[in-house]
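What follows is the residue order along each chain.
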Amino acid sequence: MAAEVDHLLFYLLLVSSVMTLGIASAIVFLAFKYRRGSKAERHSAGHGHGTMLLEVTWIVIPLFLSMIMFGWGAAVFFRLFDMPDGAMEVHVVGKQWMWKFQHPDGRREINELHVPLGQPVRLNMISQDVIHAVYVPAFRVKHDVLPGRYTSLWFTATQAGEYHLFCAEYCGTQHSLMKGKVVVLEPAEYQAWLAGTKLNQTPVQAGAALFDELRCATCHRAAEPNRPRCPSLEDVFGSQVDLADGTRVLADEAYLRESILRPAAKIVKGYQAAMPSFEGQIGEEGMNDLVAYLKSLSAQPPGSSQP
Ligand code: CUA
C-alpha cells in the first residue's frame, strides 16, 4: 500500500503548496499595491457587478479539489483496513514497554517480527496495559493497540530486509524505547527461521541472545554511567547486594531468577521499581540460559559451583 499512500500524500502536498503559494503571493501583492499613499484605484467602476462568477469559481474549484482528497483518501483507507482472506495471522501484545509477537505455529518473539515476503500478514493486536500503537513507516501502516479490545492491521511485504517498528502512541516513560524491527525473509528463509533451534549455542551464548532479544540491554547496558536507570549487571553474581529496605542479599541464581520474574520483590538501593516483570515470557530453558549469561558477567564468581 506504500505507493498508494505516497501518491495520495503527494496530491495533498501539491494542492496545499499551490494554494498556499497562490494565497500568500496574492496577500503580498495586494498589500503592496494598496499600501497607504499608493495611487492605486480603490473604487473599481464595476464594483458590485460580475463577482458572482468569481464567487462560484472559488467555491467550486476548492470543493472539487477537496472532494478528490476525500474520495481518494476514503478509498485508500478502506483498502488499508479491509482485511484480506487467508492472511497469516500474528498475535501482537503491546505492554510497557515492549512488543510481543506470536506466530501461527506458536513461536514467540519480542520486539522483532519475522514475516515471509509476498504474503499478506494480519496483526491481531491488544494491549496489556495502556494505549500503544504499532507503526511501520516503510509499510505506511499504523494502528492503535488498545487494552481490552482487539484491533488489526495488515500488510504484504514486497521487499526483503529489515524495517523499523515503532510505538506511535505516548505510553509512558520509556515510550521512545518501545521499538523494534520487522524482518522480511524469503519464504524459504522464513520456514528455516521458524524451524530454527538454538542447539548449536552454549547456554551463555543462548542467554546473551535472549538478553538482547528481551531488550535487557536498553537499561542494563546503558551508555549513561552517571545516570543509570538500572543497576549494572557486571559482577553482580556472587556479590552482596544492598536493597532499598536496608537489608542485604546474596546475589545467587535464585535472586537473579526472582529479579527477572518479579523485579519489584527486591529493589536495589538507590533505584526505582521500573523494570517490567518477565513472568510467563521466559521458559525454563530460557531462564537457565539467561542466568548462565548473567553469571558469566562476573569475572570470578565467588562461591559459585562450576558445572
Ligand atoms: Cu507503547 Cu508508546
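Since the model is a prediction, treat every value here as computed from it, not as a measurement.

1. Digging into a nonpolar patch on the surface
Here is step 1 of the chain: A surface patch of nonpolar side chains, amounting to about 630 Å² of accessible area, comprises Met 52, Leu 54, Val 56, Trp 58, Ile 59 and Val 60.
Here is step 2 of the chain: One can find Met 52 in helix H2 (residues 52-80).

2. Section: the environment of Asp 289
Here is step 1 of the chain: Within the secondary structure, Asp 289 sits in helix H7 (residues 284-296).
Here is step 2 of the chain: Given the relative accessible area of 16%, Asp 289 is considered buried.
Here is step 3 of the chain: Spatially, the C-alpha atom of Asp 289 lies 5.8 Å from that of Ala 206, the residues being 83 residues apart in sequence.

3. A word on the pairing of strand S1 (residues 88-95)
Here is step 1 of the chain: In terms of strand pairing, S1 meets strand S5 (residues 120-127) through seven bridges, oriented parallel. When the sheet's bridge partners are listed, Glu 89 is paired in S5 with Arg 122.
Here is step 2 of the chain: Turn length for the S1-strand S2 (residues 98-102) hairpin, with the two strands adjacent in sequence and antiparallel, is two residues.

4. What to know about the packing of aromatic side chains
Here is step 1 of the chain: Within the structure shown, the criterion is met by seven aromatic pairs.
Here is step 2 of the chain: With a centroid separation of 5.4 Å and 45° between ring planes, the pair formed by Tyr 11 and Trp 72 is classed as tilted. Linking Tyr 11 in helix H1 (residues 2-33) with Trp 72 in helix H2, this pair joins segments that are 61 residues apart in sequence.
Here is step 3 of the chain: Note on Tyr 11: relative accessible area 14%, which makes it buried.
Here is step 4 of the chain: Classification of Trp 72 as partly exposed rests on a relative accessible area of 32%.
Here is step 5 of the chain: Here Phe 211 and Tyr 293 contribute two aromatic rings whose centre-to-centre distance is 5.0 Å and whose plane-to-plane angle is 55°, an arrangement assigned as tilted.

Cut-offs used in this document
Residues numbered from 1 in each chain as written. Predicted model: local features only at pLDDT ≥ 70, side-chain atom pairs only at ≥ 80, totals over all residues. Heavy atoms only, no water. Patch = residues over 30% accessible without salt bridge, like charges linked within 9 Å, V, L, I, M, F, W, Y side chains within 5 Å. Areas by Shrake-Rupley, 256 points an atom, 1.4 Å probe, with all protein chains shown as cover. Salt bridge = Lys/Arg side-chain N within 4 Å of Asp/Glu carboxyl O. Helix = DSSP H or I, 4+ residues; strand = E, 2+ residues; numbered from the N terminus. Buried < 20%, exposed > 50% of the residue type's maximum accessible area, 1.4 Å probe, protein only. Pairing = 2+ DSSP bridges. Phe/Tyr/Trp six-rings, centres within 6.5 Å; stacked < 30°, edge-to-face > 60°.

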